[in-house]
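# Per-entry structural report
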Protein chains: 2
Amino acid sequence: MAVRTKLPEAPALPLNQILAGDCIDVMRSLPEASVDLIFADPPYNLQLKGELHRPDNSRVDAVDDHWDQFSSFAAYDKFTRDWLAAARRLLKPNGAIWVIGSYHNIFRVGSALQDAGYWILNDVVWRKSNPMPNFRGKRLTNAHETMIWASKSEAAKYTFNYDALKALNEGVQMRSDWVLPICTGHERLKDANGDKAHPTQKPESLLHRVLVGSTNPGDVVLDPFFGTGTTGAVAKMLGRQFIGIEREDSYREAAAQRIARVRPYDASALETSGSKRAEPRVPFGQLVERGMLRPGEVLVGPRGSTAKVRADGTLVGDRMTGSIHQVGAHYEGAPSCNGWTYWHFKREGKMVPIDFLRQQIRAELGEH
Amino acid sequence: MAVRTKLPEAPALPLNQILAGDCIDVMRSLPEASVDLIFADPPYNLQLKGELHRPDNSRVDAVDDHWDQFSSFAAYDKFTRDWLAAARRLLKPNGAIWVIGSYHNIFRVGSALQDAGYWILNDVVWRKSNPMPNFRGKRLTNAHETMIWASKSEAAKYTFNYDALKALNEGVQMRSDWVLPICTGHERLKDANGDKAHPTQKPESLLHRVLVGSTNPGDVVLDPFFGTGTTGAVAKMLGRQFIGIEREDSYREAAAQRIARVRPYDASALETSGSKRAEPRVPFGQLVERGMLRPGEVLVGPRGSTAKVRADGTLVGDRMTGSIHQVGAHYEGAPSCNGWTYWHFKREGKMVPIDFLRQQIRAELGEH
DNA sequence: GTCCTCTATGAATCTAGGA
DNA sequence: TTCCTAGATTCATAGAGGA
């Protein structure tokens, strides 16, 4: 009788945790082919020289952290190739990666991705609606950052929720340029002194779009440069699992507290549109993406009808799902309905039409 | 008596011509440090497999020309590094380059630029207002291309017409994302069969912005991948000199005919908004010398600080003597200060900045 | 409470020229 | 080359604070 040898068990995947340490070491310790998506915001290797002042003589708080210092392009390239290789090992065969950067580093990253066997699907431009100006008038305002979306290999059957992104974008195909504001205000994490907890915190709206578009509920999302945990926070909201890796103690602590405060959206809010739904005529999804309305939040009609907001900007009503217009029309028994004026949400005890939020966005967009 | 040997003359620069041949060979034959700006639209190294059809089954006319075929990244990299080196040799010390590309090649180009010693100034996103949709719904609509603007070296004093671009942008700084339509309609060159003469003809509006922003009238602009000559056409319109290099006979012919039809703008139309830096320098002492300010007169700062004018054009402040800038900076506790806008004097009950007097002097100077 | 003004700040490779 | 000084230069947004 043959003795059945037990195979060594693969180490368990540490889901919804923030792991301490160097991301390359940690990634090498994790089981291969176990992750659906990687979102990475690596150091940009800014090469800043002196100080910079605004015309009013105030000092610009520059990114001068030790983790952004590299001795040369060669050193940065080696670092990049090493972490990209470790990351690729962790991806499932149909997995994909997003990497964000600026002109300082993104060309190194893009070349390294291609050389490592990743297959670029799109480069996506995050167009900042409110970037910092160029104070000395010596260059163009640096008003965007670049994200590269790539699958593990050319053959990969990557996840792409085409219809969900189309729904987020007024019913037309999502483009490769995304206009979103930078992370400020309440969303921006502060330390005990009231200073920004992390110099380069990314907006949740950006991660919302990435995760809605390229993962499904329950997927495992790894962020090897976790920082203050935007990826984890949005993953939790959206019912995805996350794994964070972060070297700095202070960032890990801030991220853990932040994520603990996050309330996941209702499961029903996370179902995204199937492929045959009609086209909404308004960008209602942007209100959700930007956090102006929470998935799961209940909207109220003029005669007390209610409907629940989903993550892709559709509504769930009584035996009825669709755009804000469709659900409103359904309740009214009318052939059509302007959802923007029909639906209201509650703020500080008052019922406010959702059109109020659309006007806020339009005011921003109209300025460009 | 010594015989004076004539030095071999540098070959003359073939201005406003389209040169036939491989761009690397041709560039190597031209005199070094002779060109102000290079605009390059190199082959994109597209990796298209098979044909692409629209939902109605019509065939998309893809870029499959033989000049865009490279067997591997290594071959494309070698080509890129070779032409970038030849181009850099041609640039004057304060020259600059623009290269346009898509995610297929731009990361290779950007890395090669950095490795060759160019210094990236901005990456600029051309955001297409009317891109081709993604027919299969498998990716985001590829709605932009990327341009890299780089100087010959970090030390270069590159040309940047900040005020002209600001004027082009309704009075606010030009950003790194440019929204412009793709080249269609009358502007798109057709061959004898009515088909497009070149698969990737760039819009003139794009070159207009590049040349207004980073060259001056009379500058020499080289385009090593001339195609159907958009760079040459816009250069001629704008009173810049061009050198085109193109391998394909049909493109050269189309470009030559096109450029012959171009009528340059009037010289007066080419004057762009000037910068203050270009205006003649006026020492503060001249205001005293000319009697516009009396020695002993008291100047006032925005927060009530005061200083007394001396006969030699220095100011006496609170335990501090120096130039208008130094005393202003001292009061503000700032590293620097523009004394011309900081200090005010009283005329007819109103506080007037001393810059008003400088403008009077400059107006007089301008009359001669 | 409302409206308005003022202030602070954000991934930034941010000067030019003469002595 | 280095040093020194003149002097040119900002947009969108959030939040505080005053009228």
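Definitions and cut-offs
- Residues numbered from 1 in each chain as written.
- Chains lettered and ligands numbered in written order.
- Predicted model: local features only at pLDDT ≥ 70, side-chain atom pairs only at ≥ 80, totals over all residues.
- Heavy atoms only, no water.
- Contact = heavy atoms within 4.5 Å.
- Buried area = accessible area lost by both parts, 1.4 Å probe.
- Salt bridge = Lys/Arg side-chain N within 4 Å of Asp/Glu carboxyl O.
- Phe/Tyr/Trp six-rings, centres within 6.5 Å; stacked < 30°, edge-to-face > 60°.
- Helix = DSSP H or I, 4+ residues; strand = E, 2+ residues; numbered from the N terminus.
- Buried < 20%, exposed > 50% of the residue type's maximum accessible area, 1.4 Å probe, protein only.
- UniProt positions renumbered as here; feature names shortened; annotations may be inferred.
- Near = heavy atom within 4 Å.
- Polar contact = N/O pair within 3.5 Å; in protein donor to acceptor, adjacent residues only side chain to side chain.
- Nonpolar A, V, L, I, M, F, W, Y, C, P; charged D, E, K, R; others polar.
- Domains from an automatic or database assignment.
- 1 Å grid on protein atoms, 1.4 Å probe; cavity = no way out; pocket = protein on both sides within 12 Å on 5 of 7 lines; lining within 4 Å.
- Points joined across faces, edges and corners; volume = space filled by probe spheres on them.
- Core = buried A, V, L, I, M, F, W, Y, C linked by side-chain atoms within 4.5 Å.
- Pairing = 2+ DSSP bridges.
- Axes fitted to C-alpha atoms, helices over the stretch in contact; angles between N-to-C directions.

Facing the 53 residues of chain B at the interface are 51 residues of chain A. For the pairing of chain B and chain A, the buried interface totals around 4600 Å² over both sides, and the portion due to carbon and sulfur atoms is 48%. Among the residues chain B hides against chain A, the three largest losses belong to Phe-107, Leu-140 and Arg-175 of chain B. Together they make up 17% of the total. Counting the contacts that link chain B with chain A gives five salt bridges.

The next point concerns the packing of aromatic side chains. Residue and element names in this part refer to chain A. Tallying each qualifying case throughout the model produces 27 aromatic pairs over all chains. Aromatic pair Phe-226 and Phe-242: ring centres 5.7 Å apart, planes at 15 degrees, arrangement stacked. Here Phe-242 lies in strand β8 (residues 241–246) and Phe-226 lies in the loop between β7 (220–223) and α6 (230–237), a separation of 16 residues in the sequence. Like Phe-226, the residue Phe-242 is buried in the burial classification. Every member of this aromatic cluster is reached through a ring pair, and the members are Trp-98, Trp-149, Tyr-158, Phe-160, Tyr-162 and Trp-178.

Quick look at the UniProt feature "domain: DNA methylase N-4/N-6" (unreviewed entry) in chain A now. Sites flagged by UniProt as "domain: DNA methylase N-4/N-6" (unreviewed entry) map to residues 35–256 of chain A. End-to-end, the C-alpha atoms of residues 35–256 of chain A are 21 Å apart, and along that stretch the chain is 28% helix and 22% strand.

A few words on the protein's contact with DNA strand C. All names here are of chain A. In the vicinity of DNA strand C lie 36 residues, with Arg-54, Tyr-103, Met-132, Arg-136 and Arg-188 positioned nearest. Among atoms of DNA strand C positioned within 4 Å of the protein, sugar and phosphate together represent 45%. One nitrogen or oxygen atom from the main chain of Tyr-44 is found 3.1 Å from a base nitrogen belonging to DNA strand C. Of the residues that constitute the surface near DNA strand C, the class distribution is 17 nonpolar, seven polar and 12 charged.

Attention now goes to the domain arrangement of chain A. All names here are of chain A. Each assigned domain of chain A is listed with its residue range as follows: domain 1 (17–46 + 62–269) and domain 2 (284–367). For domain 1 and domain 2, the distance between their C-alpha centres works out to 30 Å. Counting residues at the interface gives 17 residues for domain 1 and 16 residues for domain 2. Both sides of the domain 1 and domain 2 interface together cover about 1400 Å² of buried area, and 51% of this is carbon and sulfur. At the junction of domain 1 and domain 2, the tally comes to one salt bridge. Taken together, domain 1 and domain 2 are joined by three residue pairs in polar contact (both at pLDDT 80 or more). Of all the secondary structure elements, the ones that give two or more residues to the side of domain 1 that touches domain 2 are α4 (162–168), β6 (177–180), α5 (204–214) and α8 (267–270). Here the residues of the side of domain 1 that touches domain 2 sort into 10 nonpolar, four polar and three charged.

Here the focus is empty space enclosed by the protein. What the rule picks out here adds up to five cavities of 30 Å³ or more. Every residue lining the largest cavity is listed: Ile-106, Phe-107, Asp-123, Val-125, His-144 and Thr-146 of chain A together with Ile-106, Phe-107, Asp-123, Val-125, His-144 and Thr-146 of chain B. Among the elements of the structure, α3 (106–115), β4 (119–128) and β5 (144–151) of chain A together with α3 (106–115), β4 (119–128) and β5 (144–151) of chain B are those that each provide at least two residues to the lining of the largest cavity. Looking at side-chain class alone, the lining of the largest cavity contains six nonpolar, four polar and two charged residues.

Counting residues in each nonpolar core, the largest one holds 68 residues, and the members touching the most others are Met-27, Trp-83 and Ile-97 of chain A together with Met-27, Trp-83 and Ile-97 of chain B. When residues no more than four places from it in sequence are discounted, the contact partners of Trp-83 of chain B are Cys-23, Ile-24, Met-27, Ala-40, Pro-42, Ile-97, Val-99 and Phe-225 of chain B.

Let us look at the side chain of Ser-34 of chain B. Within the secondary structure layout, Ser-34 of chain B lies in the loop between α1 (23–29) and β2 (35–40). Those residues in contact with Ser-34 of chain B that sit more than four places away from it in its chain are Leu-13, Leu-90, Leu-91, Lys-92 and Val-220 of chain B.

Okay, the protein's contact with DNA strand D next. Residues and elements named next belong to chain B. Every one of the 28 residues lining DNA strand D counts as a neighbour, but Tyr-162, Lys-166, Gln-173, His-325 and Arg-358 are closest to it. Each atom of DNA strand D within 4 Å of the protein was assigned to sugar, phosphate or base; sugar and phosphate come to 60%. Here Lys-166 contributes a side-chain N or O atom positioned 2.7 Å from a phosphate oxygen of DNA strand D. One of the side-chain nitrogen or oxygen atoms of Trp-340 is found 3.0 Å away from a phosphate oxygen of DNA strand D.

The next point concerns the sheet that holds strand β6 (residues 177–180) of chain B. Residue and element names in this part refer to chain B. The strand order β1-β8-β7-β2-β3-β5-β4-β6 describes an open sheet built from eight strands, whose pairing is mixed. The sheet is open, and its two borders are formed by β1 (17–20) and β6, each paired with just one other strand. The mean angle between the axes of side-by-side strands here comes to 20 degrees, regardless of whether they run parallel or antiparallel. Here five bridges tie β2 to strand β3 (residues 91–101), and the two strands are oriented parallel to one another. Its bridge partner being in β3, Ala-40 is matched across the sheet by Val-99.

With that settled, the discussion passes to unusual backbone geometry. Residues and elements named next belong to chain A. Although it is not a glycine, Asn-16 sits at a positive phi angle of roughly 55 degrees. Following the sequence through the fold, Asn-16 ends up in the segment before β1 (17–20). We classify Asn-16 as partly exposed; its relative accessible area is 38%. Not every positive phi belongs to a glycine, and Arg-319 is a case in point at roughly 50 degrees. Mapped onto the elements of the fold, Arg-319 is located in the loop between β11 (315–317) and β12 (320–322).

Okay, the sheet that holds β5 of chain A next. Residue and element names in this part refer to chain A. Reading across from one edge, β1-β8-β7-β2-β3-β5-β4-β6 is the order of the eight strands in this open sheet, with mixed pairing throughout. Since the sheet does not close on itself, it has two edges, and those belong to β1 and β6, each with one partner. Each strand of the sheet is rotated relative to its neighbour by a mean of 20 degrees, with strand direction disregarded. By the bridge criterion, four bridges tie β7 to β8 in an arrangement that is parallel. In the sheet register, Val-220 faces β8, and the bridge partner there is Gln-241. Sheet strands in contact with α3 are β3 (91–101), β4 and β5, and its direction is about 165 degrees off that of β3. The strands touched by α5 within the sheet are β2 (35–40), β3, β4, β5, β6 and β7, with β6 carrying the most contacts at an inclination of about 140 degrees.

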